[in-house]
Amino acid sequence: MYTRFSDALIARKEAGFIPVIPDIKCISPKEGDLLRGRDPLAVAQLLARAGAPALSVVTETKDFGGSLELLRQLAKNTTLPILRKDFITSCEDMTLSRECGAQAILLICALHTLDSLTTLYNEALKIGLEPLVEAHTEEELGWAGKIGAKLVGINNRDILKLEKDDGTVSATELLASHKPKNAILISESSIRTPAEGQAAIRAGADVLLIGTALWQADDMAASYQAFSRSSEIPPA
Ligand SMILES: O=P(O)(O)OC[C@@H](O)[C@@H](O)c1c[nH]c2ccccc12
């Protein structure tokens, strides 16, 4: 069965959960080794069973320990749509992502001009990839709107500092109201507790993308389910 990345997120929301995209990330530049001997494929399957509607995988090698081979293996061994997270700057990078099994790719505003971002965005759609446009400032969210992005991320950390800064969901709280109309808004990075996740949702995010907190949890599946529970959000 083939599911579009964004449709999988919406379906999970309609089923009454906070859609949480787990980040398959081997190394955190700030926290060090996240795998601690675990097999990322087995973890992805565990999280799929815990309800994950989609996966994200960091393929950057030097600082995050990922690889395209890991993407390939995940695509082969799970049925979930996969977002490739990397510092993508060329059309060749995107074609390769598609060939390795990604359904979606990350486009980080801070790496581009509005022109180059627009070119990559349109090219991604042309080859059947859903682009997630990642912003960290109000201006970058404005770019996402200009392009007509349907999937928009607010990174709570500054990716140009390689995640070594202490981000908090207050970045989402500050910026969410500037999200482009009709976009699915994903709050990414530094979400440490279910309460923080719920704060991002209350601020206007539709989806959470979480790596480190899941990898550091004693029981990953239980932690995943705690982040996904939306019942504790009081009605507005
Ligand atoms: O581990 P965290 O704090 O939950 O963050 C996950 C993810 O948002 C982060 O790894 C990330 C966001 N944008 C990126 C771009 C490249 C590499 C990694 C990332």
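Procedures and definitions
Residues numbered from 1 in each chain as written. Predicted model: local features only at pLDDT ≥ 70, side-chain atom pairs only at ≥ 80, totals over all residues. Heavy atoms only, no water. UniProt positions renumbered as here; feature names shortened; annotations may be inferred. 1 Å grid on protein atoms, 1.4 Å probe; cavity = no way out; pocket = protein on both sides within 12 Å on 5 of 7 lines; lining within 4 Å. Points joined across faces, edges and corners; volume = space filled by probe spheres on them. Nonpolar A, V, L, I, M, F, W, Y, C, P; charged D, E, K, R; others polar. Helix = DSSP H or I, 4+ residues; strand = E, 2+ residues; numbered from the N terminus. Buried < 20%, exposed > 50% of the residue type's maximum accessible area, 1.4 Å probe, protein only. Polar contact = N/O pair within 3.5 Å; in protein donor to acceptor, adjacent residues only side chain to side chain. Contact = heavy atoms within 4.5 Å. Arc of directions from axis to C-beta.

The protein carries the name indole-3-glycerol-phosphate synthase in an unreviewed UniProt entry, which gives Trichloromonas acetexigens as its organism. Looking at the Catalytic activity (unreviewed entry) heading of the UniProt record, one finds this comment for the protein: "1-(2-carboxyphenylamino)-1-deoxy-D-ribulose 5-phosphate + H(+) = (1S,2R)-1-C-(indol-3-yl)glycerol 3-phosphate + CO2 + H2O". On record in UniProt, under Pathway (unreviewed entry), the comment for the protein is "Amino-acid biosynthesis; L-tryptophan biosynthesis; L-tryptophan from chorismate: step 4/5."

I keep staring at the layout of surface pockets and nothing clicks. Help me out?
To find leftover empty space, a probe the size of one water molecule is rolled over the atoms. Of the voids in this model, the largest pocket is the one considered here, and its volume is about 340 Å³. If you trace the largest pocket, you find 28 residues lining it, with Lys25, Arg157, Glu163, Ser189 and Thr212 closest to the centre. Partitioning the lining of the largest pocket into residue classes produces 10 nonpolar, 6 polar and 12 charged.

When you look at the side chain of serine 28 in this model, what are you seeing that I'm missing?
One can find serine 28 in strand 2 (residues 27-28). Take serine 28: its relative accessible area is 4%, and that puts it in the buried class. A polar side-chain atom of serine 28 sits 2.8 Å from the main-chain amide nitrogen of glutamate 31. In this structure, serine 28 is in contact with Leu34 and Thr212, ignoring residues within four places of it in sequence.

Quick question: what am I supposed to make of helix 6 (residues 138-147) here?
Because an α-helix packs 3.6 residues into every turn, residues spaced three or four apart end up facing the same way. Taken together, the buried positions of helix 6 are Glu140, Leu141, Trp143, Ala144 and Ile147. Projected onto a plane normal to the axis of helix 6, the buried residues spread over an arc of 150° and lie on a single side. Opposite the packed face of helix 6, turned more than 90 degrees from it, sit the exposed residues Glu139 and Lys146. Buried residues along helix 6 sit against helix 5 (114-126), strand 7 (130-135), strand 8 (151-155) and helix 7 (170-175).

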